[in-house]
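# Inside the fold
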Amino acid sequence: MRRGGAGGPGAPPGTLRITRKAARCAEVKMAARASVAGGGRLMDKFRKWYYNAAGFNKLGLMRDDTWYEDDDVKEAVRRLPEHLYNERMFRIKRALDLSLKHQILPKDQWVKYEEDQHYLEPYLKEVIRERLEREEWNKK
């Protein structure tokens, strides 16, 4: 029969004994909380890694240049100002040329994660909002 409380021999009544497994579990939970608290930095590092691993930046493309062109994206591209449209077409043609030659740009010309602008996103959001509004109107 054990003496003392649940904490083990010699422990005052009413105390709990913490096993090594429970202590380790608590350490892991605290570490997980710390990583979640600093998760913004961790996720940012992962985003940068994934951005470079995808490889489109090595061809001089931005993220918005790589979207599949469904009807919404085509309409958003059509609405782009002329200078943004011309820049997009230049990047796409240069990437096609490099791809055919099995080459990539010199590293100093790669598009960096911090420099990538989501230039198409505002136009795409507007097109999608209008399409959903039109669909809602047609339901009535």
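These figures come from a predicted structure and were not determined experimentally. (Residues numbered from 1 in each chain as written. Predicted model: local features only at pLDDT ≥ 70, side-chain atom pairs only at ≥ 80, totals over all residues. Heavy atoms only, no water.)

## Comments concerning the packing of aromatic side chains
The condition that has to hold: Stacked, tilted and edge-to-face pairs are distinguished by plane angle, under 30 degrees for stacked and over 60 for edge-to-face with tilted covering the rest, among Phe, Tyr and Trp rings (Trp via its six-membered ring) whose centres lie within 6.5 Å. Per the convention used, a helix needs a DSSP run of H or I reaching at least four residues, while a strand needs a run of E reaching at least two, with both numbered from the N terminus. We call a residue buried when its accessible area falls under 20% of the maximum for its residue type, exposed when it is over 50%, and partly exposed in between, using a 1.4 Å probe and counting protein chains only.
Applying the stated criterion across every chain, the model contains five aromatic pairs. When the ring of Phe 46 is compared with that of Tyr 50, the centres are 6.4 Å apart and the planes differ by 25 degrees; the resulting orientation is stacked. With a gap of four residues between them, Phe 46 and Tyr 50 both fall in helix H2 (residues 39-54), about one helical turn apart. Classification of Tyr 50 by relative accessible area gives exposed; the value is 53%. A centroid spacing of 5.1 Å and a plane angle of 80 degrees characterise the contact between Tyr 51 and Phe 56, whose relative ring orientation is edge-to-face. Here Phe 56 falls in the buried class, since its relative accessible area comes to 15%. Within the aromatic cluster, the residues linked to one another by ring pairs are Phe 46, Trp 49 and Tyr 50.

## Comments concerning the confidence of the model for the chain
Threshold: pLDDT is a per-residue confidence score from the predictor, ranging from 0 to 100. Two residues form a contact once any of their heavy atoms are found within 4.5 Å.
The predicted model of the chain averages 83 in pLDDT, with 72% of residues at 70 or higher. When pLDDT is averaged over each element of the chain, helix H4 (residues 82-100) comes out on top at 97 and helix H1 (residues 20-37) at the bottom at 53. In the predicted structure, residues 1-6 sits below a pLDDT of 50 and forms 13 contacts with residues beyond four places in sequence or in another chain.

## A few points about the nonpolar core
As a reminder, the rule being used: Joining through side-chain atoms within 4.5 Å is the link that ties buried Ala, Val, Leu, Ile, Met, Phe, Trp, Tyr and Cys residues into a set, and such a set is a nonpolar core.
By size, the foremost hydrophobic cluster in this structure holds 20 residues, and its most contacted members are Leu 61, Val 73, Ala 76, Val 77, Leu 80, Tyr 119 and Leu 120. Within the residue set of this core, elements represented by two or more residues are helix H3 (71-78), H4 and helix H5 (121-139). Of the residues forming this core, the biggest block, four residues, is contributed by H4. Beyond its immediate stretch of four places on either side in the chain, Val 73 contacts Trp 67, Tyr 68, Leu 120 and Leu 124.

## Thoughts on the packing of H3 against H5
Defined as follows: Think of each axis as a best-fit line through the C-alpha atoms, taken over the contacting stretch in the case of a helix, with angles from 0 to 180 degrees between the N-to-C directions. Working rule for angles: under 35 degrees goes down as roughly parallel, over 145 as roughly antiparallel, 65 to 115 as roughly perpendicular, anything else as oblique. Left-handed describes a crossing in which the near helix is turned anticlockwise from the far one by less than a right angle; the clockwise case is right-handed. Here the nonpolar group is Ala, Val, Leu, Ile, Met, Phe, Trp, Tyr, Cys and Pro; Asp, Glu, Lys and Arg are the charged ones; every other residue, Gly included, is treated as polar.
Two elements in contact, H3 and H5, have axes separated by 8 Å at closest approach and are oriented at 125 degrees. Taken together, the axes of H3 and H5 are oblique relative to one another. The handedness of the crossing between H3 and H5 is right-handed. Facing Asp 72, Val 73, Glu 75 and Ala 76 of H3, the residues of H5 in contact are Tyr 123, Leu 124, Val 127, Ile 128 and Arg 131. Within the contact of H3 with H5, the residues separate by chemical class into six nonpolar, no polar and three charged.

## Comments concerning H4
What counts, and what does not: Helix span, expected: 1.5 Å multiplied by one less than the number of residues in the helix. Read the arc as the range of directions from the helix axis to the C-beta atoms.
Counted at 1.5 Å a residue, the expected span for H4 with its 19 residues is 27 Å, and the 27 Å between its end C-alpha atoms agrees. Taken together, the buried positions of H4 are Leu 84, Arg 88, Arg 91, Ile 92, Ala 95 and Leu 98. The arc that holds every buried residue of H4, seen down its axis, measures 130 degrees, which confines them to one face. Across from the buried face of H4, at angles greater than 90 degrees, the exposed residues are Glu 82, Phe 90, Lys 93, Leu 96 and Leu 100.

## Here's the deal with the environment of Asp 116
Here is the rule we go by: Here a polar contact means two N or O atoms within 3.5 Å. Within protein one must be a hydrogen donor candidate and the other an acceptor candidate, and residues neighboring in sequence count only if both atoms are side-chain atoms.
Residue position: Asp 116 is located in the loop between H4 and H5. Each C-alpha atom of the pair Asp 116 and Asn 57 lies 8.9 Å from the other, and the pair is 59 residues apart in sequence. In this structure Asp 116 touches Tyr 51, Phe 56, Met 62, Arg 63 and Val 111, once residues within four positions along its chain are discounted. In this structure the side chain of Asp 116 is engaged in a polar contact, spanning 3.0 Å, whose partner is the backbone nitrogen of Arg 63.

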